[in-house]
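Residue-level listing of the chains:
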Amino acid sequence: MGLLAYSGITTKVRAMEGRLLTEAQLQQMASLEDVRSAADFLKQQPAYQDIFAGLDDTMLHRGYIEQLLTGSMYRDFTSLYRFSSLSQRRFLDIYFMHYEIAVIKQVLRHLLGQQSQAPDMTRFREFFRQHSRLDPVALSQAGNMQEFLDRLEGTVYGPLFSRMKDGPKYGLFDYESRLDLFYLKSMWTARTKLLPKKEQKILAECFGPRLDLLNIQWIYRARYYYNLPEADTLALLIPIRYKLRPAQVTRLLEAPDREAFAAAIRSTAYGRYREVKELNAPDAERLHRQMLDRIYSKTIRKYPYSIAILDAYLYFKARELHQIITIIEGIRYGLKPDEIIRLAAKQ
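Visitor: If you had to explain the packing of aromatic side chains to someone new, which residues and values would you point to?
Guide: The full count for this structure, using the stated rule, is 27 aromatic pairs. When the centroid spacing of 5.8 Å and the interplanar angle of 85° are considered together, the rings of Phe127 and Phe128 count as edge-to-face. With centroids separated by 5.4 Å and ring planes inclined at 80°, the aromatic side chains of Phe148 and Phe161 adopt a geometry described as edge-to-face. Residue Phe148 is found in helix 10 (residues 145-150), and its partner Phe161 is found in helix 11 (residues 158-165); the two are separated by 13 residues along the sequence. Taken together through their ring pairs, the aromatic side chains of Tyr74, Phe77, Tyr81, Phe91, Tyr95, Phe96, Tyr99, Phe124, Phe127 and Phe128 make up a single cluster.

Visitor: Describe the packing of helix 6 (residues 86-95) against helix 7 (residues 97-111), listing the residues and the values that go with them.
Guide: Orientation of helix 6 relative to helix 7, taken along the N-to-C sense of each, is 15°, at an axis distance of 5 Å. With respect to helix 7, the element helix 6 is oriented roughly parallel. The segment helix 6 lies against helix 7, with Asp93, Ile94 and Tyr95 engaging Met97, His98 and Tyr99. Across the contact of helix 6 with helix 7, the residue classes tally to four nonpolar, one polar and one charged.

Visitor: Please give an account of the environment of Asp120 that cites residues and values.
Guide: Tracing the chain through its elements places Asp120 in the loop between helix 7 and helix 8 (125-131). Linking Asp120 and Val137, residues 17 residues apart in sequence, is a C-alpha distance of 7.3 Å.

Visitor: Pulling in residues and values, what's your account of a nonpolar patch on the surface?
Guide: On the surface, a cluster of nonpolar side chains totalling about 290 Å² of accessible area is made up of Phe173, Tyr225 and Tyr226. With respect to the helices and strands, Phe173 occurs in helix 12 (residues 172-194). Residue classification places Phe173 among the partly exposed positions, given a relative accessible area of 36%.

Visitor: With reference to specific residues and values, describe the nonpolar core.
Guide: Proteins that are soluble and globular tend to have nonpolar side chains buried together. Core analysis: the largest hydrophobic core is formed by 122 residues, its most contacted members being Tyr99, Ile104, Phe148, Phe161 and Leu314. Among the elements that take part in this core, helix 19 (residues 308-332) stands out by supplying 15 residues, more than any other. Excluding residues that lie within four positions of it along the chain, Phe148 makes contacts with Ile104, Val107, Leu108, Leu111, Leu139, Ala142 and Phe161.

Visitor: Any chance you could break down the side chain of Asp76 for me, citing the residues and the numbers?
Guide: Summarising the element assignment, Asp76 is placed in helix 5 (residues 62-83). Filtering out sequence-adjacent residues up to four positions away, Asp76 remains in contact with Met16, Tyr313 and Lys317.

Visitor: Got a sec to walk through the layout of surface pockets? Specific residues and values, please.
Guide: Reported here for the largest pocket is a volume of approximately 1800 Å³. Lining the largest pocket are 43 residues, and of these Lys105, Arg109, Arg289, His322 and Gln347 sit closest to its centre. Listing elements by their share of the lining of the largest pocket, those giving two or more residues are helix 5, helix 7, helix 12, helix 13 (197-224), helix 18 (284-302) and helix 19. Residue composition of the lining of the largest pocket, grouped by class: 20 nonpolar, 10 polar and 13 charged. Taken as a whole, the second largest pocket holds about 380 Å³ of empty space. What lines the second largest pocket is a set of 15 residues, among which His61, Gly63, Tyr64, Gln67 and Gln117 lie closest to the centre. Counting residues per element, the lining of the second largest pocket draws most heavily on helix 5, which supplies five residues.

Visitor: Requested: an account of empty space enclosed by the protein, with residues and values cited.
Guide: Applying the stated criterion across every chain, the model contains two cavities of 30 Å³ or more. Its volume calculated, the second largest cavity comes out at about 40 Å³. Top element by residues in the lining of the second largest cavity is helix 5. It accounts for four residues. Classifying every residue of the lining of the second largest cavity gives one nonpolar, four polar and one charged.

Visitor: Go over the environment of Arg266, please, and point to the residues and values.
Guide: Residue position: Arg266 is located in helix 16 (residues 258-266). Take Arg266: its relative accessible area is 34%, and that puts it in the partly exposed class. Residues Arg266 and Lys277, spaced 11 residues apart in sequence, show a C-alpha to C-alpha distance of 6.4 Å. Leaving out residues up to four positions away in the same chain, Arg266 has contacts with Gly271, Val276, Lys277, Leu279 and Asn280.

Visitor: Explain the environment of Leu181 to me, and be specific about the residues and the numbers.
Guide: For Leu181, the location among the structural elements is in helix 12. Under the relative-accessibility criterion, Leu181 is labelled buried at 11%. When the C-alpha atoms of Leu181 and Ala38 are compared, they prove to be 35 Å apart, with 143 residues separating the residues in sequence. Every residue in contact with Leu181, bar those within four places of it in the chain, is listed here: Trp218, Ala235, Leu236, Leu237, Ile238 and Pro239.

Calculation criteria
- Residues numbered from 1 in each chain as written.
- Predicted model: local features only at pLDDT ≥ 70, side-chain atom pairs only at ≥ 80, totals over all residues.
- Heavy atoms only, no water.
- Phe/Tyr/Trp six-rings, centres within 6.5 Å; stacked < 30°, edge-to-face > 60°.
- Helix = DSSP H or I, 4+ residues; strand = E, 2+ residues; numbered from the N terminus.
- Axes fitted to C-alpha atoms, helices over the stretch in contact; angles between N-to-C directions.
- Parallel < 35°, antiparallel > 145°, perpendicular 65-115°, else oblique.
- Contact = heavy atoms within 4.5 Å.
- Nonpolar A, V, L, I, M, F, W, Y, C, P; charged D, E, K, R; others polar.
- Patch = residues over 30% accessible without salt bridge, like charges linked within 9 Å, V, L, I, M, F, W, Y side chains within 5 Å.
- Areas by Shrake-Rupley, 256 points an atom, 1.4 Å probe, with all protein chains shown as cover.
- Salt bridge = Lys/Arg side-chain N within 4 Å of Asp/Glu carboxyl O.
- Buried < 20%, exposed > 50% of the residue type's maximum accessible area, 1.4 Å probe, protein only.
- Core = buried A, V, L, I, M, F, W, Y, C linked by side-chain atoms within 4.5 Å.
- 1 Å grid on protein atoms, 1.4 Å probe; cavity = no way out; pocket = protein on both sides within 12 Å on 5 of 7 lines; lining within 4 Å.
- Points joined across faces, edges and corners; volume = space filled by probe spheres on them.

Here it is, written out as structure tokens:
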């Protein structure tokens, strides 16, 4: 591992990083007056010009644009996979679960009434065939929950949904939370089985804070968005702690208001970061993203020739796609540029 093993892939990733949009470009996009202008803007960017070339003006809705952007993510993953060594591909094989779960969530949103139109997965079938036992097209064509469950049989998600089928009536939030828990626990466990010890440690420095920060975010949302009881909130949490101690979780759960919640965050190992020191009343989603941006940036500086370079690129690319989609939706609904950027910063 190190310079010799990672010099090639690091050079490749750095070239791809150069195609990520800057903050100034995102702000420029947010100031555009309509979705057509936003699509034209993306067509001019090296990372998106080929997939937006020949864009059909009659299909400028969120679902279609999101498919195009997802295609860009899959294209980058394929490019990295082809360029990777056997050991680097082991990490990418683990990571692929991220894309499988994104597909499952999309189908669930349609089946449970959150999206009127079934997602079109035909353009992604070949990509999944190369990396997965999940057939996204068959899954997206499920007409009801029973067909959906039948088409998950033979995948790692079949047993998860079978256990849920016999329980109480579940909503979208329940399914998505269980999927997130399953993914994060699987990633955390798989890294110790498939990666060398030094790479396990490096990935833990990227992924461990992600687990802690997600737990903090979920506690915040459960307390202040959904008003869930403490026991129900605990059941949602990832049963893995990196630097977040049990007593600190309890303090977060018992915080009587947002100011006390912010003080509880400051008492954790993450309290040394400027974003947390300056926290009075948390915006949990924005804080989550600010902290992950800082941690991933720090880790790739610390380990420039390691598995961190792949993990960080995929993180920043996925974040950019979420920001672009948020900006396009903000333009569609006539929000002011400052408000659009504020919402995009949470993605």
